[in-house]
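Coordinates in review
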There are 2 protein chains.
Amino acid sequence: MPSESELTAALTLSATQRMAILKALGEPRRLEIIERLSHTDQSSACTDLRACMPIAAATLSHHLKELESAGLIHITREGKFARLTLRREIWQAFLTDLGRL
Amino acid sequence: MPSESELTAALTLSATQRMAILKALGEPRRLEIIERLSHTDQSSACTDLRACMPIAAATLSHHLKELESAGLIHITREGKFARLTLRREIWQAFLTDLGRL
DNA sequence: TCGACATTTCGATAACTGTCGAATTGATGT
DNA sequence: ACATCAATTCGACAGTTATCGAAATGTCGA
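Structural notes, computed from the coordinates. A quick note: this is a predicted structure, and the numbers were derived from the prediction, not measured.

With that out of the way, let us pick up the nonpolar core. Core analysis: the biggest nonpolar cluster contains 58 residues, and Phe-94 of chain A together with Phe-94 of chain B have the highest contact counts within it. Leaving out residues up to four positions away in the same chain, Phe-94 of chain A has contacts with Leu-13, Arg-18, Ile-21, Leu-22 and Leu-25 of chain A together with Leu-98 of chain B.

This is the structure:
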């Protein structure tokens, strides 16, 4: 659960964060969610995802919580819906981190 | 053993390969193995790894098989020992792949 | 207020996987 | 041949997790 200084400074991930992200991505549906979010700039509600994935609402919710606690996505509630956004700074930091390995 | 085309051409991973790699990395000990192999250019036998990791031989063997079948490492047997090498072309392709995501 | 809808939480279950000890295979040196 | 060592395979077990249905929570419109 990283804070919010990631907008300005170049972010470095802790070993724990790196592991959490890798674990989160090691799941086909979660990777697909990230892929989808990375392609569309402004998506979306869980419903949108469920339209594309044969998955129960409870399961999707579980995966989203996992991605959120790994720090990869941000979930904001807007009325009935949950807006999901990829945290691109984190993603970038993750890639940089792996590149340094 | 990487073929000639792997050495010259830019390697593209299939979605299956990408998933296999992510799954393989989503395990602390396996990530540590990869990290270790990436640092030392020409390591090493399983024994070397076991010296640094409190892990049973059977467990290590299991993890190595996993890494190998994900395509991340190459195992060649030399006498009693197994020489482990990181397949850097694959690793590079993996990073590139994630960057394109 | 009421009913419909989106999402989360809960509890249970099935599948997966990391772990180890024991037995096995294969190589080396005596 | 034998003993020893490195590594793999096997079988079992424990912990983890993906999955779902059902119930709960929260939101909006009528």
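Let us look at the protein's contact with DNA strand D. For DNA strand D, the set of nearby residues contains 22 residues, the closest of which are Arg-29, Thr-59, His-62 and His-63 of chain A together with Thr-47 of chain B. Sugar plus phosphate, as a fraction of atoms of DNA strand D within 4 Å of the protein: 82%. Separating a phosphate oxygen of DNA strand D from a side-chain N or O atom of Ser-61 of chain B is a distance of 2.9 Å. The separation between a sugar or linking oxygen of DNA strand D and a polar main-chain atom of Lys-80 of chain B is 3.5 Å. Listed by contribution, the elements that provide at least two residues to the surface near DNA strand D are α2 (28-39) and α4 (57-69) of chain A together with α4 (46-52), α5 (57-69) and β2 (81-86) of chain B.

Their axes nearest at 11 Å, the elements helix α5 (residues 88-100) of chain A and helix α6 (residues 88-100) of chain B cross at an angle of 170°. Regarding the angle of α5 of chain A to α6 of chain B, the classification is roughly antiparallel. Residues Trp-91, Phe-94, Leu-95, Leu-98 and Gly-99 of chain A of α5 of chain A form the contact with α6 of chain B, whose own contacting residues are Trp-91, Phe-94, Leu-95, Leu-98 and Gly-99 of chain B. A class-by-class count of the residues in the contact of α5 of chain A with α6 of chain B yields 8 nonpolar, 2 polar and no charged.

Residue and element names in this part refer to chain A. Here strand β1 (residues 73-78) runs beside strand β2 (residues 81-86); their pairing, made up of 6 bridges, is antiparallel. Bridge pairing in β2 links Arg-77 to Ala-82. Counted along the chain from β1 to the antiparallel partner β2, the turn is 2 residues long, and its residue Gly-79 has a positive phi close to 65°.

What follows is about the interface of chain A and chain B. By a widely used convention, the size of an interface equals the accessible area lost when the partners come together. Counting from both sides, the interface comprises 19 residues of chain A and, opposite them, 19 residues of chain B. When the two sides are added together, the surface that chain A and chain B hide from each other amounts to roughly 1600 Å², 77% of it contributed by carbon and sulfur. Contact with chain B buries area across many residues of chain A, yet Met-19, Leu-22 and Leu-101 of chain A alone supply 34% of it, more than any other trio. At the surface where chain A touches chain B, the tally comes to 2 salt bridges. In this structure, Glu-35 of chain A and Arg-18 of chain B form a salt bridge, with 3.4 Å as the shortest nitrogen-oxygen distance. At the boundary of chain A and chain B, one finds 4 residue pairs in polar contact (both at pLDDT 80 or more). The element contributing the most residues to the side of chain A that touches chain B is α2 of chain A, with 6 residues.

Structurally, the position occupied by Asp-97 of chain B is in helix α6. Ignoring sequence-local partners within four residues, the contact set of Asp-97 of chain B consists of Leu-13 and Arg-18 of chain B.

Here the focus is the pattern of salt bridges. All names here are of chain A. On inspection of all chains with the given rule, the structure shows 10 salt bridges over all chains. The salt bridge partner of Asp-97 is Arg-18, with a shortest N-O separation of 2.5 Å. Placement of the pair is Asp-97 in helix α5 and Arg-18 in helix α1 (residues 15-25), with a sequence separation of 79 residues. The class for Asp-97 is buried, based on a relative accessible area of 8%.

Rules used throughout
Residues numbered from 1 in each chain as written. Chains lettered and ligands numbered in written order. Predicted model: local features only at pLDDT ≥ 70, side-chain atom pairs only at ≥ 80, totals over all residues. Heavy atoms only, no water. Core = buried A, V, L, I, M, F, W, Y, C linked by side-chain atoms within 4.5 Å. Buried < 20%, exposed > 50% of the residue type's maximum accessible area, 1.4 Å probe, protein only. Contact = heavy atoms within 4.5 Å. Near = heavy atom within 4 Å. Polar contact = N/O pair within 3.5 Å; in protein donor to acceptor, adjacent residues only side chain to side chain. Helix = DSSP H or I, 4+ residues; strand = E, 2+ residues; numbered from the N terminus. Axes fitted to C-alpha atoms, helices over the stretch in contact; angles between N-to-C directions. Parallel < 35°, antiparallel > 145°, perpendicular 65-115°, else oblique. Nonpolar A, V, L, I, M, F, W, Y, C, P; charged D, E, K, R; others polar. Pairing = 2+ DSSP bridges. Buried area = accessible area lost by both parts, 1.4 Å probe. Salt bridge = Lys/Arg side-chain N within 4 Å of Asp/Glu carboxyl O.

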